Amino acid sequence: MSATREAVESIITTVPGFRSRWEAFLNQWGDEDTPWYLAMGDLASYVVESYEDGHVAELRALFNAVETALVSADESLKELVSIGFIEDLQNVASHHAAGAGVFRHWRGVTSLVVWDKIEADMRKVAEWTARQKPRWWHFWRRRQAVDYESALSAVENPELRRMIEQMSRKPH
């Protein structure tokens, strides 16, 4: 079972500035099995861009809708909002100067719990990754740290850059 279009729309309608992206998304996917996670990723990118541009008037209503979704009985909607929006928002914001902390005061009680759990889980992943040693067959390769900023800045396509930011987190 997946989140319904109506449930997703209840969140999207709180952000009128996102409407054109939302309509383009719906037109692109038509009647197919709609990938709501991609829409939530686009919304996360929009929120970070809006914050950077100083357009924050919509954010209170958006985070209220996110909070409402997280306390709803719909488990698929909770998962969509947690992973599709909140985790992507953290990921995208990690690539921008303001960071994710700037969104703290808009979050509700349940959103904060989900946010903190995702942060803790991502720290565990980072710690685990740092402890990993190359396998014996990788002896000819040297591990080189990835310079995320320069790699991401080399991406010229803005849509591709947004997708990369949604799927990755800049290490601290």
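Residues numbered from 1 in each chain as written. Predicted model: local features only at pLDDT ≥ 70, side-chain atom pairs only at ≥ 80, totals over all residues. Heavy atoms only, no water.

1. What about the pattern of salt bridges?
All chains considered together, the criterion is met by eight salt bridges. When the shortest N-O distance is used, the salt bridge between Arg 19 and Glu 9 registers 3.8 Å. On the criterion of sequence distance, the pair formed by Arg 19 in helix 2 (residues 19–29) and Glu 9 in helix 1 (residues 5–12) is long-range, its members being ten residues apart. By relative accessible area, Arg 19 is classed as partly exposed at 32%. Look at Glu 9 and you get buried, because its relative accessible area is 16%. Here Arg 21 makes a salt bridge to Glu 49, at a shortest N to O gap of 2.2 Å. Here Glu 49 lies in helix 3 (residues 36–52) and Arg 21 lies in helix 2, a separation of 28 residues in the sequence. Assessed through its relative accessible area of 23%, Arg 21 is described here as partly exposed. (Salt bridge = Lys/Arg side-chain N within 4 Å of Asp/Glu carboxyl O. Helix = DSSP H or I, 4+ residues; strand = E, 2+ residues; numbered from the N terminus. Buried < 20%, exposed > 50% of the residue type's maximum accessible area, 1.4 Å probe, protein only.)

2. Side note on the packing of helix 3 against helix 5 (residues 75–94)
Where helix 3 contacts helix 5, the axes come no closer than 8 Å and their chain directions differ by 40 degrees. Judged on the interaxial angle alone, helix 5 and helix 3 are oblique. Pair helix 3 / helix 5 crosses with right-handed handedness. Judged by residue contacts, Trp 36, Tyr 37, Met 40, Gly 41, Leu 43, Ala 44, Ser 45, Val 47 and Val 48 of helix 3 engage Glu 79, Leu 80, Ile 83, Gly 84, Phe 85, Asp 88, Leu 89, Val 92 and Ala 93 from helix 5. Split into classes, the residues belonging to the contact of helix 3 with helix 5 amount to 13 nonpolar, three polar and two charged. (Axes fitted to C-alpha atoms, helices over the stretch in contact; angles between N-to-C directions. Parallel < 35°, antiparallel > 145°, perpendicular 65-115°, else oblique. Left-handed = near helix turned anticlockwise from the far one by under 90°. Contact = heavy atoms within 4.5 Å. Nonpolar A, V, L, I, M, F, W, Y, C, P; charged D, E, K, R; others polar.)

3. What about the packing of aromatic side chains?
Under the defined criterion, the tally for this structure stands at eleven aromatic pairs. Pairing Phe 63 with Trp 106 gives two aromatic rings, centres 6.4 Å apart and planes at 5 degrees, and the pair type is stacked. Linking Phe 63 in helix 4 (residues 59–70) with Trp 106 in the loop between helix 5 and helix 6 (109–131), this pair joins segments that are 43 residues apart in sequence. Across the pair, Trp 106 and Phe 63 agree in class, each one buried. Both rings, one in Phe 103 and one in Trp 106, keep their centres 6.2 Å apart while their planes meet at 40 degrees; by these two values the pair is tilted. Here Phe 103 matches Trp 106 in class, with each residue buried. Members of the aromatic cluster, each reached through a chain of ring pairs, are Tyr 51, Phe 63, Phe 85, Phe 103 and Trp 106. (Phe/Tyr/Trp six-rings, centres within 6.5 Å; stacked < 30°, edge-to-face > 60°.)

4. Quick look at the confidence of the model for the chain
Confidence in the prediction of the chain, expressed as mean pLDDT, is 86, and 90% of residues score 70 or more. Taken element by element, the predicted model of the chain shows its lowest mean pLDDT in helix 7 (residues 148–153) (73) and its highest in helix 4 (96). (pLDDT = per-residue confidence, 0-100.)

5. What to know about the side chain of His 95
Relative to the elements of secondary structure, His 95 occurs in the loop between helix 5 and helix 6. If sequence neighbours within four positions are ignored, His 95 has contacts with Leu 152, Glu 165, Ser 168, Arg 169 and Lys 170.

6. Things to note about the nonpolar core
Proteins that are soluble and globular tend to have nonpolar side chains buried together. Counting residues in hydrophobic clusters, the biggest one holds 40 residues, and the most contacted among them are Ile 11, Trp 22, Leu 43, Leu 62, Phe 85, Leu 89 and Phe 103. Mapped onto this core, the elements with two or more residues apiece are helix 1, helix 2, helix 3, helix 4, helix 5 and helix 6. Not counting the four nearest positions on each side in its chain, Leu 62 is found in contact with Ile 11, Thr 14, Val 15, Leu 43, Val 47 and Phe 85. (Core = buried A, V, L, I, M, F, W, Y, C linked by side-chain atoms within 4.5 Å.)

7. Observations regarding helix 6
The terminal C-alpha atoms of helix 6 lie 33 Å apart, and with 23 residues this matches the ideal 33 Å at 1.5 Å per residue to within 8%. Buried within helix 6 we find Ser 111, Val 114, Trp 115, Ile 118 and Glu 119. Turning to helix 6, the residues buried within the fold contact helix 4 and helix 5. (Expected span 1.5 Å × (residues − 1).)

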